[in-house]
Amino acid sequence: MAVCVAVIAKENYPLYIRSIPTENELKFHYMVHTSLDVVDEKISAMGKALVDQRELYLGLLYPTEDYKVYPSYQSPCVESTFPNQLCRYGYVTNSKVKFVMVVDSSNTALRDNEIRSMFRKLHNSYTDVMCNPFYNPGDRIHSRAFDSMVTSMMIQVC
C-alpha cells in the first residue's frame, strides 16, 4: 500500500505531496527529497537510452527500515521496536517530471507490475491535470480528481 505519493517538477520542487498518515507528512517530504538524488543518478546512468525508451519506470530506488516504538504489554517500563519496511519507487516523464511513491511493504508484498500500473494511473491522471486549460504549468496541483485518484491508490491494497 502506498503511504506517500509525490509529483516533483523538473526543477526539483514539489508540485504535489500526499501522505497517509498526515502527522508524518514532514518525514515523508524529507524521504521524497532524499530519493531525488537516486532518481537523478538513475536518469544520468541511463543517459540517452532513457530518451529512446518508452518505459519510464525507474524501479525500486531503495528500501529503508523505519522503526516504530511500541510499549510492551508485559512491563510498562519496557518498550519494544518493530521494523517497518518502506520502499521508494520512481518514475520520470518525458518532460522530466518525477513521480516518487513510498510503499509500506511490511504487510504486503507488491509485485513490480502492480507498482508499474500504479505509476501509469498516476501519469494518466497527471496528464489530465496538464490538459486543463485553467492549470498553469509549474503551479502546485489542486485538482479534486487527481486528489481522489491518489487517495484511492493509497487506500487500495494491491
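Refer to the preceding data block for the structure.
Notes on the structure follow. Fair warning: this is a prediction, and the values are worked out from it, not measured in the lab.

## Side note on the overall build of the protein chain
No. 1: Counting its secondary structure elements, the protein chain contains four helices and five strands.
No. 2: The order of α-helices and β-strands along the protein chain, N terminus first, is β-β-α-α-β-β-β-α-α.
No. 3: Taken across its 158 residues, the protein chain has 41% of its residues classed as buried.
No. 4: Here the contacts in the protein chain between residues at least 6 apart in sequence split such that 58% fall between residues at least 24 apart.
No. 5: Only carbon and sulfur atoms are counted for the fraction: they give 54% of the accessible area of the protein chain, which is about 9200 Å².

## Digging into the packing of aromatic side chains
No. 1: Going through the model one piece at a time under the given rule, you end up with five aromatic pairs.
No. 2: Centre to centre, the rings of Tyr16 and Phe146 are 4.9 Å apart; their planes meet at 85°, and the pair counts as edge-to-face. Here Tyr16, found in strand 2 (residues 14–19), pairs with Phe146, found in helix 4 (residues 144–155); they are 130 residues apart in sequence, far enough to count as distant.
No. 3: Looking at Phe146, the relative accessible area reads 0%, which means it is buried.
No. 4: Plain terms: the ring middles of Tyr57 and Phe119 are 5.9 Å apart, the flat faces sit at 55° to each other, and that makes the pair tilted. Note that Tyr57 is positioned in strand 3 (residues 57–71) and Phe119 in helix 3 (residues 112–130), a separation of 62 residues in sequence.
No. 5: Through a chain of ring-to-ring contacts, the aromatic side chains of Tyr57, Tyr91, Phe99, Phe119 and Tyr126 assemble into a single cluster.
No. 6: The ring of Phe28 carries the charged tip of Lys27 above its face, separated from the ring centre by 5.3 Å.

## Things to note about the pattern of salt bridges
No. 1: Throughout the structure, instances matching the rule amount to two salt bridges.
No. 2: Here Arg116 and Asp112 are joined by a salt bridge, their closest N and O atoms 3.6 Å apart. Taken as a pair, Arg116 and Asp112 lie in helix 3 at a separation of four residues, close to a single helical turn.
No. 3: Using a relative accessible area of 27% as the deciding quantity, one classes Arg116 as partly exposed.
No. 4: The exposure class assigned to Asp112 is partly exposed, which follows from its relative accessible area of 37%.

## Comments concerning helix 4
Given 3.6 residues to a turn, an α-helix orients residues that are three or four positions apart in the same direction.
No. 1: Look at helix 4: 16 Å from first C-alpha to last across twelve residues, which is about the 16 Å you get at 1.5 Å a residue.
No. 2: For helix 4, the full list of buried residues reads Phe146, Met149, Val150, Thr151, Met153 and Met154.
No. 3: Where helix 4 is buried, its residues touch strand 1 (2–8), strand 2, strand 5 (98–104) and helix 3.
No. 4: Measuring from the backbone nitrogen of Ala145 back to the side-chain oxygen at the start of helix 4 gives 3.4 Å, which picks out Ser143 as the cap.

## Describing the nonpolar core
No. 1: Membership of the largest hydrophobic core comes to 28 residues, with the highest contact counts inside it found for Val7, Phe119, Leu122, Ile141 and Phe146.
No. 2: For this core, the elements supplying multiple residues, two or more each, are strand 1, strand 2, strand 4 (79–92), strand 5, helix 3 and helix 4.
No. 3: With six residues, helix 3 is the largest single contributor of residues to this core.
No. 4: Sequence-distant contacts of Ile141, that is, excluding residues within four places in its chain, are made with Val7, Leu15, Tyr16, Tyr126, Val129, Tyr135 and Phe146.
No. 5: Counting twelve residues, the second-largest nonpolar core is a separate cluster that includes Ala6, Ile8, Leu36 and Val102.

What counts, and at which threshold
Numbering of residues starts from 1 in every chain and runs along the sequence as written. Reporting in this predicted model follows two pLDDT cut-offs: at least 70 for local features of residues, and 80 or more for side-chain atom pairs to be given and counted; totals over whole chains, interfaces and linings ignore these cut-offs and use all residues. Heavy atoms throughout the structure, all of them, feed into the side-chain values; hydrogens and water do not. In this description a helix means any DSSP run of H or I spanning at least four residues, a strand means any run of E spanning at least two, and both kinds are numbered starting from the N terminus. Think of it in three bands: residues with accessible area under 20% of the maximum for their type are buried, residues over 50% are exposed, and the middle band is partly exposed, with areas taken using a 1.4 Å probe on protein chains only. Contact between two residues is taken to exist if any of their heavy atoms lie within 4.5 Å; hydrogens are not considered. Where accessible areas are quoted, they stem from the Shrake-Rupley method and a 1.4 Å probe; at the residue level, only the protein chains shown are allowed to cover. When the centres of two rings from Phe, Tyr and Trp lie within 6.5 Å, Trp using its six-membered ring, the rings pair. Their planes under 30 degrees apart give stacked, over 60 give edge-to-face, and anything left gives tilted. We count a charge as sitting over a ring when the NZ of a lysine or the CZ of an arginine lies within 6 Å of the ring centre and within 35 degrees of the ring normal. Think of a salt bridge as a Lys or Arg side-chain nitrogen and an Asp or Glu carboxyl oxygen that are within 4 Å of each other. Residue count minus one, scaled by 1.5 Å, sets the expected span of a helix. Think of a polar contact as two N or O atoms within 3.5 Å of one another; within protein, one of them needs to be a possible hydrogen donor and the other a possible acceptor, and neighboring residues in sequence only count if both atoms come from side chains. Grouping buried Ala, Val, Leu, Ile, Met, Phe, Trp, Tyr and Cys residues that are joined through side-chain atoms within 4.5 Å yields what is termed a nonpolar core.

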